[in-house]
Amino acid sequence: MIRKIAVHTLLYLFLIGFAFLTLYPLFWLFTSSFKTNQEILLNSLALPTTLHFQNYSEAWSLARMGLFARNSVIYAASATVFTVLLSVSTGYGLGKFRYRVSGVIYSILLLGLIIPIHATLIPLFLLLKTIRILDTMAAVILPYIAFAMPLGTFLAATYIRDIPDEMEESAVIDGCGYLRIYWNIILPIARPVMMTIMIITFLNNWNEFIFVFLFTSSLALRSLSVGLLMFAGPYTKNYAMQFAAMVIASLPMICMYFVFRKPMVKGMVAGAVKG
Amino acid sequence: MLTREANKRLSYIILVVPTLTLFLLFVILPILYSFFLGMTDWSGYGAFKFIGLQNFRVLFADRVFFIALRNNIYFILASTFGQIPVGFFIAYLLHRKLVAGRVFFESMFFLPMVVSTIVIAILWSNIFSPQIGALSVFLGRLLGKRNYVLPWMDNPNAAIFPICFVLVWKYSGFYMLIYLSALQKLPQDMIEAAAIDGARESQIFFRIIIPVLWTTVQTTIVLSISGSMRAFDLVFAMTRGGPAHSTELLATYMYNKTFEVYRYGYGSAISTMIVVISVLLIGSSMWLTGIRGRAERARS
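Let me begin by describing the structure that accompanies this report. This structure is a prediction, so every number in the text was calculated from the model and none was measured.

**A closer look at the overall build of chain B**
Scanning chain B from N- to C-terminus turns up twelve helices and zero strands. Listing the helices and strands of chain B from first to last along the sequence gives α-α-α-α-α-α-α-α-α-α-α-α. Against the 2.2 N^0.38 benchmark of 19 Å for 300 residues, chain B shows a C-alpha radius of gyration of 24 Å, more extended than a compact globule. Across the 300 residues in chain B, those meeting the buried criterion constitute 41%. Here the contacts in chain B between residues at least 6 apart in sequence split such that 67% fall between residues at least 24 apart.

**Some words on unusual backbone geometry**
Where the residue is not glycine, phi is negative for most of them; where a peptide bond is considered, it is trans in most cases. One non-glycine residue with positive phi stands out, namely A:D135, at about 60°. Note on placement: A:D135 falls in the loop between α6 (121-130) and α7 (138-161). Owing to 16 C-beta atoms within 10 Å, A:D135 belongs among the partly exposed residues under this scheme. Of note, the phi angle at B:H245 is positive, near 65°, even though the residue is not glycine. Note that B:H245 resides in the loop between α10 (233-238) and α11 (250-260).

**Description of α11(B)**
With nine of its eleven residues buried, α11(B) lies for the most part within the structure. Of the positions making up α11(B), those classed as buried are B:L250, B:A251, B:T252, B:Y253, B:M254, B:Y255, B:N256, B:K257 and B:T258.

**Describing the packing of helix α7 (residues 160-183) of chain B against helix α9 (residues 201-230) of chain B**
All names here are of chain B. Interaxial distance between α7 and α9 falls to 10 Å at its minimum, and their mutual angle equals 160°. The angle between the axes of α7 and α9 places the two elements in the roughly antiparallel class. The element α7 and its partner α9 pack so that their crossing is right-handed. Touching Y175, I178, Y179 and A182 of α7 are L213, T216 and T220, all from α9. Considered class by class, the residues forming the contact of α7 with α9 number five nonpolar, two polar and no charged.

Reading the values: the criteria
Residues numbered from 1 in each chain as written. Chains lettered and ligands numbered in written order. Predicted model: local features only at pLDDT ≥ 70, side-chain atom pairs only at ≥ 80, totals over all residues. Helix = DSSP H or I, 4+ residues; strand = E, 2+ residues; numbered from the N terminus. Rg over C-alpha atoms; globule rule 2.2 N^0.38 Å. Buried ≥ 20, exposed ≤ 12 C-beta atoms within 10 Å, placed from the backbone. Contact = placed C-beta atoms within 7 Å. Axes fitted to C-alpha atoms, helices over the stretch in contact; angles between N-to-C directions. Parallel < 35°, antiparallel > 145°, perpendicular 65-115°, else oblique. Left-handed = near helix turned anticlockwise from the far one by under 90°. Nonpolar A, V, L, I, M, F, W, Y, C, P; charged D, E, K, R; others polar.

This is the structure we're talking about:
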């Protein structure tokens, strides 16, 4: 009995310790973002004495976080819309049309889940340069869509394969074309998996760094991740503003996580386990 | 009018070809082209010569290449022997209801996964930094020394280890979730029956849970290898590969050679090596864990 209690206490201590280790840095980031630079330099562990919201307005305008946030939203949202629509159409094609070539296409796409993306950077850079879209929004959005397709197609195909065939067969008998079936039957039924693909793709694109960093060069096209490293990198002197900028970059995704925890987790695990 | 079959084919093409084109153009073609570029001496501008395996010969004598490779292997080890056991252990505690508060712990441990690697990297380099570093202050108080400065990040022999720690810190929650979802598929009645028959927790663990979960172990090892070989952002934002190239990864070294000193051919050769090494490591890990799996099946 005593041994059991001791084991129990140890387990709790371990978990609470680990939770502290996980949460404290994020908590430290959040509280530091409300301190003045002086306070941070004087004692980086102390809590803020007053809530110094000025850091946020400085980060938003002075460090251009407002501009970068706008760009991040445009990149992530537009790439996500195309990714979701294309994933479901490809998932429908590969999942329901029994052509032999489907298996081959599916395997090629799944390769994308383990390919080290950095091996594609140099040729991709040259390709975007050749088709003259380097340093435009398209140079970020097109690769975002292409690199999100393996996971999206995989999730969509697995979901759509389980939709009973009778539903579309009756539509075929009624003289419905396959593209009508895609739009009127598959898309509405696939809504849960679209949701999952949407959330994961948006999260990944929002947090992405290297494509924006390499494929754009104008300040006006940078995203939050890249902007953070440029203005608030490890060599900054204005720590308070840097912390505020980091909170601006992370808070939207943390909120999204708490709202959509279940589909997000489900999609990430499903994608990972297949990859 | 199209026949039904022709119509079906046409629809199939419309549904699948856009994705396939995009994927071949932006993912597969670049990989293949990179293999080719790796055998040239291109500098990014003008003409270039085909020089066969010359780049690779230079690469195999390049000290920094091996430092980078070593660091990638450290990442793989930190993932395999850090993230996976920690993730698994926590998942097991939560799943077997050995502790309460499952949803709380589960969502907290996963939180670092939704924050961008760049933010995590800047956050931790601030914690480790000599100037304002929270850890320096904390340790300074603990040791009773004023103005204590953490010596790790400036030390070429040590700087990679704090980065490995951050890696484990960020991704353990992810592995926890993979194991939690695998544990949910366990034959629950089997475990209960074993418990009724008087099996100890350790027996249940080694005789039932580990064998059933072996494919998940295999999957997570592959994941940790492919994830570690893809790593870039963390090092790039924390140290840029420094001090003195000591924290360089293959991907950051490729970046450095290509986009900072404009040796596109050499950079592409590094890219090729990243793909080759990934395939070799993933292949051999599947083979190794496969042996264990077969032995497991043979014994039972």
